[in-house]
Amino acid sequence: MAMIINIDVMLAKRKMSVTELSERVGITMANLSILKNGKAKAIRLSTLEAICKALECQPGDILEYKSDGDIQGSNL
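Model, not experiment: these values are computed from the prediction.

Procedures and definitions
- Residues numbered from 1 in each chain as written.
- Predicted model: local features only at pLDDT ≥ 70, side-chain atom pairs only at ≥ 80, totals over all residues.
- Heavy atoms only, no water.
- Axes fitted to C-alpha atoms, helices over the stretch in contact; angles between N-to-C directions.
- Helix = DSSP H or I, 4+ residues; strand = E, 2+ residues; numbered from the N terminus.
- Parallel < 35°, antiparallel > 145°, perpendicular 65-115°, else oblique.
- Left-handed = near helix turned anticlockwise from the far one by under 90°.
- Contact = heavy atoms within 4.5 Å.
- Nonpolar A, V, L, I, M, F, W, Y, C, P; charged D, E, K, R; others polar.

Draft legend 1. Seen up close, the packing of helix 2 (residues 18-25) against helix 4 (residues 45-55). Direction vectors running N to C along helix 2 and helix 4 enclose 125 degrees, while the axes themselves pass 9 Å from each other. By the angle between their axes, helix 2 is oblique relative to helix 4. The two elements helix 2 and helix 4 meet at a crossing, and its hand is right-handed. The segment helix 2 lies against helix 4, with Leu21, Arg24 and Val25 engaging Thr47, Ala50, Ile51, Ala54 and Leu55.

Draft legend 2. Quick look at the packing of helix 2 against helix 3 (residues 29-36). Remark: helix 2 packs on helix 3, axes separated minimally by 10 Å, with the N-to-C direction vectors making an angle of 110 degrees. Taken together, the axis directions place helix 2 and helix 3 in an arrangement best described as roughly perpendicular. The interaxial crossing formed by helix 2 with helix 3 has right-handed handedness. Mapping the contact onto sequence places Val18, Thr19, Leu21 and Ser22 in helix 2 and Met29, Leu32 and Lys36 in helix 3. Classifying every residue of the contact of helix 2 with helix 3 gives four nonpolar, two polar and one charged.

Here it is in structure tokens:
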């Protein structure tokens with residue numbers, strides 16, 4: 001199973017930089033980068049809420065679930 005984080009997509013739609021999102025949400029660029037690159041193991045609901053507020057979107061616009069069989073190039 002894989003959770004896909006689509007922050008880049010929403011940033012592009014909103015014409016917002018990663019730096020601006022970081023400042024609006026109040027998280028470091030390093031932590032935002034970890035989240036953006038799918039390396040995070042968890043996200044606080046308060047952080048998700050702040051991201052949604054800053055990007056004027058719903059959690060489903062940012063988070064996407066794909067099963068192992070749906071992931072391109074998966075050997076499972």
